[in-house]
Amino acid sequence: MEPTEEKTGKTVDIYRDTWVRFLGYANEVGEAFRALVPVSLVWGSYAVATAYVTADAVDKGKKAAVAHGDNPGKTTRVAVAVVDTFVWQALASVIIPGFTINRVCAASLYLLGKTTKWPLPVRKWTTTAIGLSTIPFIITPIDRSVDFLLDSSLRKVYNEEEKHK
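Residues numbered from 1 in each chain as written. Predicted model: local features only at pLDDT ≥ 70, side-chain atom pairs only at ≥ 80, totals over all residues. Heavy atoms only, no water.

Before we go on, may I ask you to explain the overall build of the chain in this structure?
Check the secondary structure of the chain and you find 6 helices and 0 strands. Computed over its C-alpha atoms, the radius of gyration of the chain comes to 20 Å, more than 25% above the 15 Å expected for a compact globule of 165 residues. If one aligns the C-alpha atoms of the chain with their principal axes, the spans along those axes are about 65 × 40 × 30 Å. For the chain, buried positions account for 36% of its 165 residues. Long-range pairs, those at least 24 residues apart, make up 68% of the contacts in the chain between residues at least 6 apart in sequence. (Helix = DSSP H or I, 4+ residues; strand = E, 2+ residues; numbered from the N terminus. Rg over C-alpha atoms; globule rule 2.2 N^0.38 Å. Buried < 20%, exposed > 50% of the residue type's maximum accessible area, 1.4 Å probe, protein only. Contact = heavy atoms within 4.5 Å.)

Next comes the structure, spelled out in structure tokens:
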């Protein structure tokens, strides 16, 4: 049995079913710590998340190439797999969650400054804790929203191409 298979025989997607998936959340963690760390570390967290997104897209392209062998339309199917994965992951793992955590943390820091007399370091650590605790609650709604967005737009284009073949 290959290392990418569970005992049930089901193939494990290393980018979606293992700890590697958490690399896609690196930028959310970076955003949560933005008030405490140099901005270069925040941008570094985006580099990690973007590398994850790119690796997943390349992996899905390779799997599509193997699945379609030498069949006509292979190049198109591989391109669709890569583009769909990259766009979905970029939106659901990097852009939307990064923006969301950034705004939650900015609002938290602002509100703590207006409503408490806590010292700045306490407000910053509280903001980071709020940002980190927000991450688990935003994942599923963002994933579902991105599914809906792509099903309503880009994936309609892919499906139209499939109908014409």
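Would you mind showing me how to read the pattern of salt bridges here?
Where charged atoms from two side chains of opposite charge come close, those side chains can pair. Under the defined criterion, the tally for this structure stands at 9 salt bridges. Among the ionic pairs, Lys-60 bridges to Asp-13, the shortest N-O distance being 2.9 Å. Here Asp-13 lies in the segment before α1 (14-17) and Lys-60 lies in helix α3 (residues 39-68), a separation of 47 residues in the sequence. Residue classification places Lys-60 among the buried residues on the basis of a relative accessible area of 13%. Residue Asp-13 is classed as buried on the basis of its relative accessible area, which comes to 14%. (Salt bridge = Lys/Arg side-chain N within 4 Å of Asp/Glu carboxyl O.)

Quick question: what am I supposed to make of helix α5 (residues 120-152) here?
Since the α-helix packs 3.6 residues into each turn, any two residues three or four apart lie on the same face. Between its terminal C-alpha atoms α5 stretches 44 Å, which fits the 48 Å expected from 33 residues at 1.5 Å a residue. When we look at burial in α5, the residues that qualify are Arg-123, Thr-127, Thr-128, Gly-131, Thr-134, Ile-135, Ile-138, Ile-139, Ile-142, Asp-143, Val-146 and Leu-150. (Expected span 1.5 Å × (residues − 1).)

Looking at this structure, I do not really get the packing of aromatic side chains. What am I missing?
Each aromatic ring pair is summarised here by two numbers: the centre-to-centre distance and the angle between the ring planes. Under the counting rule described, the total for this entry stands at 4 aromatic pairs. Arranged with centres 5.6 Å apart and planes meeting at 40°, the rings of Trp-43 and Tyr-46 form a pair that is tilted. With Trp-43 and Tyr-46 both in helix α3 and 3 residues apart, this pair spans about one turn of that helix. (Phe/Tyr/Trp six-rings, centres within 6.5 Å; stacked < 30°, edge-to-face > 60°.)

Explanation requested: helix α4 (residues 74-115) in the structure shown.
Compared with an ideal rise of 1.5 Å per residue, which puts 42 residues at 62 Å, α4 spans 59 Å between its outermost C-alpha atoms and is within 8% of the ideal. Taken as a whole, α4 carries its principal kink of about 40° at Leu-91. (Bend = angle between axes of the 7 residues up to and from the residue.)

Would you mind showing me how to read the packing of α4 against α5 here?
If you want to describe how two helices pack, look at the angle between their axes and the distance between the axes. Close contact between α4 and α5 brings their axes to 7 Å; oriented N to C, the two are set at 145°. In this structure, α4 meets α5 at a crossing whose hand is right-handed. Looking at the contact of α4 with α5, its residues break down into 18 nonpolar, 7 polar and 5 charged. (Axes fitted to C-alpha atoms, helices over the stretch in contact; angles between N-to-C directions. Left-handed = near helix turned anticlockwise from the far one by under 90°. Nonpolar A, V, L, I, M, F, W, Y, C, P; charged D, E, K, R; others polar.)

Where do I start with the nonpolar core in this structure?
One recurring pattern in soluble globular proteins: nonpolar side chains tend to sit buried together. In terms of nonpolar packing, the biggest core is built from 13 residues, with Trp-88, Ala-92, Ile-101, Ile-142 and Val-146 touching the most fellow members. Where this core is concerned, the elements lending two or more residues are α4 and α5. Per-element tally for this core: the top contributor is α5, with 6 residues. Beyond its immediate sequence surroundings of up to four residues, Trp-88 is in contact with Ser-93, Asp-143, Val-146, Asp-147, Leu-150 and Arg-155. Val-20, Tyr-46, Val-53 and Ala-90 belong to the second-largest nonpolar core, a separate cluster that totals 9 residues. (Core = buried A, V, L, I, M, F, W, Y, C linked by side-chain atoms within 4.5 Å.)

Teacher, can you tell me more about the side chain of Asp-84 here?
You can see Asp-84 is positioned in helix α4. Polar side-chain contacts of Asp-84 include one of 2.8 Å to the side chain of Arg-155. If we skip the residues at most four places from it in the chain, Asp-84 touches Leu-150, Arg-155 and Tyr-158. (Polar contact = N/O pair within 3.5 Å; in protein donor to acceptor, adjacent residues only side chain to side chain.)

How should I be thinking about the confidence of the model for the chain in this particular structure?
On average, the chain scores 90 in pLDDT, and the residues at 70 or more come to 91%. Between the elements of the chain, mean pLDDT differs from a low of 75, seen in helix α6 (residues 154-163), to a high of 97, seen in helix α2 (residues 26-32). (pLDDT = per-residue confidence, 0-100.)

Any chance you could explain the environment of Val-37 here in plain terms?
Along the chain, Val-37 falls in the loop between α2 and α3. Using a relative accessible area of 26% as the deciding quantity, one classes Val-37 as partly exposed.

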